[in-house]
Amino acid sequence: MVISGPITTAQVSFLLGIVPVVAAWIYSEFLNYKNSVYAKLHSDENLNEVGKEDDTAAFLVGGGPQSAKSRTLSSANPIVRILLVDKSFLLENRLILRAMSEFGFLMAYFFLCDRTDFFASGIKSYNRDLFFFLFFLLVIVWGIPSFKIHYDKSSLSGKSTLYLNRYQTEEWKGWMQVLFLMYHYFAAVEIYNYVRVCLAAYVWMTGFGNFTYYYVLKDFSLARFAKTMFRLNFLVFFSCIVLNNSYMVYYICPMHTFFTLFIYGALGFLNKYNHKSPFEFLLGYRDPNPARSHFARMHEWHFRSGLDRYVWIIGMIYAYYHPTVERWLEKLEETETKRRISIKVAVVMISSMVLYVWAKAIYNLDKLTYNKYHPYTSWIPITAFICIRNVTPYFRSYSLTFFGWLGKITLETYISQIHIWLRSAIPDAQPRMLLALIPGYPLLNFMLTTALYIAISFRLFHLTNTLKMAFVPGKDNKRIICNIGTAVAASVVLYSLSFVLLRNPLTYLINSLG
C-alpha cells in the first residue's frame, strides 16, 4: 500500500490524539459490560445484599464511595482524567468516547480511500441519458413516495401560512444537492450554469436563515455563535488535517463561515468594520495541477466568493421582509375567490416569463461569459422559484421528505464526496477521479460507493451534533471557554510532540511504509 505524499506533523498529531481516545472508549465499554454482568448475576439477591454488592460492583468500575484520590480526579481536567484512567469518568462519558472513536475511524477511512492506493481509481464519464434517468428515477422511487403535508402554524401569526418554511428549504437544499453531486460524479459540464445557481441558492439561504434567527430572536450569545462555527467547521477542520488539504479545497465551508461572520457582526455589534482581504494562510490555495499553478494563492477565494458576493445580502433582505410577505399572503387568502385566483395566476405567469427571459438571455451563455453576469443575476431564478413554490397554501404546506432528509446532511455529503465517492489522490488536488471499489463495473461501483458514501455522511452528521452538544454546552460560557482552552492546549502539546517525532530517524521508517 503506497501513501501519496509525506506524513505531516498535523496527521501525526491526529493519530496521537485519537489512539488514547479509542483505548479509553474500549476500556469504558469493558467497564460497562462488567458492571451490567455483575448487576445481572446478583439481581435476585435480597435488598441488603444487593446494597452491599452494588457498592462492591461500583468500586470495581470506579463508582461508589469515593476515595480522596477519586475526589481529586473528579475536579481534574477531562484529558488528565482519561490519561489517569479515571473509571467513573470513562463510564460517564462512554457514549462521547464512542462518538469520538467512530469519528476517528471514519477519518481513517477517508485517508485510506483518498491518500493510498488500497482502492483503485475510476474515470469520470458523462452520458446525458443516464444522468437524467438516474435523477428522475430517484425522484420517482424515493422522492414522490415521501410526499407529506405539514400542518405547522406560522410562528408570527399562528395561521397555516408556512411561507418559506423549514421543510421547504430543506427539500430545496436536498434536490439541489443531488444534482450538484451528480454533476461532480459524472463531470456533467453542460449543467455548470445550473450548478452555479444552486450554489448561489445555498449562499442565499445562509443570509436568509442567519438573518432570520439573529434579527428575530436576537440571540448573540457565545453558545449560539460557537455552535454555528462548530457545525460549519468541525468536519472540514479534521478533513484538512487528516487529508493535508487547504481550507479552500472545501470552498463552500469558508464561504458560509465568512458570510455568517458578516451577518453576526452586522446584527450583533451594529458597527461598521473594514473586512479587508482574509488571511492568506487560511484562505490561500494553489491547485497542484500544472495548468492552474500560475494563479495567485488568493485566486480561488476571490473567484468563489466573488461569484456569490451579493446574493447573501439578497437573502438578508428577503428575511427582513419575510413577516410582511406572510401578512400579505394571509390577506390574499381572505380576499374573494376571483380576485385571489387572478393574483396568483398573475404571479405565476410573471415569474415564469421572467425565468424564461433569464434562461434565454443569461443561462444559455457559455461558462466564462455566464460567470461575469452571475453575481448580478443569480437572484432572479431564486426569486422566481420562491414565488411559484409558495403561490398557494397547498404548495407551501407539502414537501418531499426524502429530499428534506438529504437537505439536512448537505454539509457532510459535500465534504465526504471529495474523498470517499470521488478521489483526488494528492493533497489540494481537485477530485478528478472516481473511487472504484468494484473496478470494471461502473454502475455496480456507483451503487456501492453511493450507498457507503450516504451512510457515512449520515453518521458524520449525527456524530458532529453529538460532539457539538458535548463540547459546546448551551448557555454555559465558562465551560465553553474552558473547552476551547483545553482543545488549544491539547493541540499545542500534540503538535509539539509530533514535530519532535517526525525529526527522529524513525521518520524514515514511517515514510518507507509508503
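Please refer to the structure higher up on the page.
Scope of this entry: the structure provided in the associated data block. Computed from a predicted model, the values in this text were never measured in an experiment.

1. Digging into the overall build of the protein
Right, so step 1: Assigned secondary structure in the protein consists of 24 helices and five strands.
Right, so step 2: Residues counted as buried form 44% of the 514 residues belonging to the protein.
Right, so step 3: Taking all contacts inside the protein whose residues are at least 6 apart in sequence as the whole, residues at least 24 apart take part in 79%.
Right, so step 4: With an accessible surface of roughly 27,300 Å², the protein has 68% of that area assigned to carbon and sulfur atoms.

2. Considerations on the environment of F237
Right, so step 1: Within the secondary structure, F237 is located in helix 10 (residues 222-243).
Right, so step 2: Sequence separation between F237 and Y247 is 10 residues, and the spatial gap between their C-alpha atoms is 7.8 Å.

3. Quick look at helix 16 (residues 337-363)
Right, so step 1: With 27 residues, helix 16 extends 36 Å from end C-alpha to end C-alpha; this agrees with the ideal 39 Å at 1.5 Å per step.
Right, so step 2: All of the buried residues in helix 16 are R340, K344, S351, W358 and I362.
Right, so step 3: Its buried side turned inward, helix 16 meets helix 9 (192-217), helix 15 (322-334), helix 17 (367-377), helix 18 (379-389) and helix 19 (393-397).

4. What to know about helix 1 (residues 9-41)
Note: α-helices contain 3.6 residues per turn, so residues at a spacing of three or four share the same orientation.
Right, so step 1: With 33 residues, helix 1 ought to run about 48 Å at 1.5 Å a step, and its terminal C-alpha atoms sit 49 Å apart, in line with that.
Right, so step 2: Taken together, the buried positions of helix 1 are occupied by T9, Q11, V12, S13, F14, I18, V21, V22, A24, S28, L31 and Y38.

5. Structural notes on unusual backbone geometry
Right, so step 1: Not every positive phi belongs to a glycine, and A187 is a case in point at roughly 55 degrees.
Right, so step 2: Secondary-structure assignment places A187 in the loop between helix 8 (166-186) and helix 9.
Right, so step 3: With a phi close to 75 degrees, A425 is a non-glycine residue in the positive phi region.
Right, so step 4: Secondary-structure assignment places A425 in the loop between strand 4 (422-423) and strand 5 (433-436).
Right, so step 5: You can call A425 buried: its relative accessible area is 19%.

6. Here we look at the packing of helix 6 (residues 94-114) against helix 21 (residues 410-420)
Right, so step 1: Taken N-terminus to C-terminus, the directions of helix 6 and helix 21 make an angle of 45 degrees; their axes are 8 Å apart at the nearest point. One finds that helix 6 runs oblique with respect to helix 21. Where helix 6 approaches helix 21, its residues Y109, F110, C113 and D114 are matched on the opposing element by S416, I418, H419 and I420.
Right, so step 2: Of the residues that constitute the contact of helix 6 with helix 21, the class distribution is five nonpolar, two polar and one charged.

7. A short note on the pattern of salt bridges
One side chain can pair with another of opposite charge once the charged atoms of both are near each other.
Right, so step 1: By the definition in use, this model includes 12 salt bridges.
Right, so step 2: Residue E29 is joined to R98 by a salt bridge in which the shortest nitrogen-to-oxygen separation is 2.9 Å. Taken together, the positions of E29 in helix 1 and R98 in helix 6 put the pair 69 residues apart, joining distant regions of the chain.
Right, so step 3: Linking D86 and R81 is a salt bridge whose minimum nitrogen-to-oxygen distance equals 2.7 Å. The two residues D86 and R81 agree in class, both being buried.
Right, so step 4: Ionic contacts of the salt-bridge type, sharing partners, join the residues E333, R340, K344 and R396 into one network.

8. Some thoughts on a nonpolar patch on the surface
Right, so step 1: The grouping of Y215, V216, L217, Y310, I313, I317, Y320, Y321 and Y376 at the surface amounts to a nonpolar patch, some 890 Å² of accessible area in total.
Right, so step 2: When residues of the nonpolar patch are traced back to their parent elements, those giving at least two are helix 9 and helix 14 (311-320).
Right, so step 3: In this structure, I317 sits in helix 14.

9. A closer look at the nonpolar core
Right, so step 1: One finds W172, W204 and Y250 to be the most contacted residues of the largest nonpolar core, which totals 101 residues.
Right, so step 2: In terms of residue count, helix 9 provides more of this core than any other element does, 14 residues in total.
Right, so step 3: Sequence-distant contacts of W172, defined by excluding residues within four places in its chain, comprise L164, A201, W204, M205, I382, F385 and I386.
Right, so step 4: Within the second largest apolar cluster, five residues are counted, among which are V197, W358, I362 and Y370.

10. What to know about the sheet that holds strand 1 (residues 120-123)
Right, so step 1: Taken together, the three strands give an open sheet; going across it, the order is 1-5-4, and neighbouring strands pair in antiparallel fashion. In the strand order of this sheet, the two ends are held by strand 1 and strand 4, each with one partner.
Right, so step 2: When strand 1 meets strand 5, the two strands line up antiparallel, connected through four bridges. By the bridge assignment, S121 is partnered in strand 5 with L435.

11. Some points on the packing of aromatic side chains
Right, so step 1: Under the criterion given, the structure shown has 40 aromatic pairs.
Right, so step 2: An angle of 20 degrees between the planes, with centres 6.2 Å apart, marks the rings of Y27 and F30 as stacked. Here Y27 pairs with F30, and both are found in helix 1, just three residues apart, close to one helical turn.
Right, so step 3: With relative accessibility at 28%, the residue Y27 sits in the partly exposed group.
Right, so step 4: Both rings, one in Y394 and one in Y398, keep their centres 5.8 Å apart while their planes meet at 45 degrees; by these two values the pair is tilted.
Right, so step 5: The exposure class of Y394 is partly exposed, given its relative accessible area of 46%.
Right, so step 6: Taken together, the aromatic side chains of Y126, F131, F132, F135, F136, Y185, F186, W421, F446 and Y453 make up a single cluster linked through ring pairs.
Right, so step 7: The ring of Y213 carries R224 above its face, with NZ or CZ at 3.5 Å from the centroid.
Right, so step 8: One Lys or Arg, R389, reaches over the ring of Y398 and ends 4.5 Å from the middle of that ring.

12. Focus: the pairing of strand 5
Right, so step 1: Direction of pairing for strand 4 relative to strand 5: antiparallel, over a ladder of two bridges. Bridging across to strand 5, R423 finds its partner in M433.

13. Some details on the environment of G207
Right, so step 1: One can find G207 in helix 9.
Right, so step 2: Placed 104 residues apart in sequence, G207 and V311 show a C-alpha to C-alpha distance of 8.0 Å.
Right, so step 3: In this structure G207 touches I263, W312, G315 and M316, once residues within four positions along its chain are discounted.

About the criteria used
- Residues numbered from 1 in each chain as written.
- Predicted model: local features only at pLDDT ≥ 70, side-chain atom pairs only at ≥ 80, totals over all residues.
- Heavy atoms only, no water.
- Helix = DSSP H or I, 4+ residues; strand = E, 2+ residues; numbered from the N terminus.
- Buried < 20%, exposed > 50% of the residue type's maximum accessible area, 1.4 Å probe, protein only.
- Contact = heavy atoms within 4.5 Å.
- Areas by Shrake-Rupley, 256 points an atom, 1.4 Å probe, with all protein chains shown as cover.
- Expected span 1.5 Å × (residues − 1).
- Axes fitted to C-alpha atoms, helices over the stretch in contact; angles between N-to-C directions.
- Parallel < 35°, antiparallel > 145°, perpendicular 65-115°, else oblique.
- Nonpolar A, V, L, I, M, F, W, Y, C, P; charged D, E, K, R; others polar.
- Salt bridge = Lys/Arg side-chain N within 4 Å of Asp/Glu carboxyl O.
- Patch = residues over 30% accessible without salt bridge, like charges linked within 9 Å, V, L, I, M, F, W, Y side chains within 5 Å.
- Core = buried A, V, L, I, M, F, W, Y, C linked by side-chain atoms within 4.5 Å.
- Pairing = 2+ DSSP bridges.
- Phe/Tyr/Trp six-rings, centres within 6.5 Å; stacked < 30°, edge-to-face > 60°.
- Lys NZ or Arg CZ within 6 Å of the ring centre and 35° of its normal.

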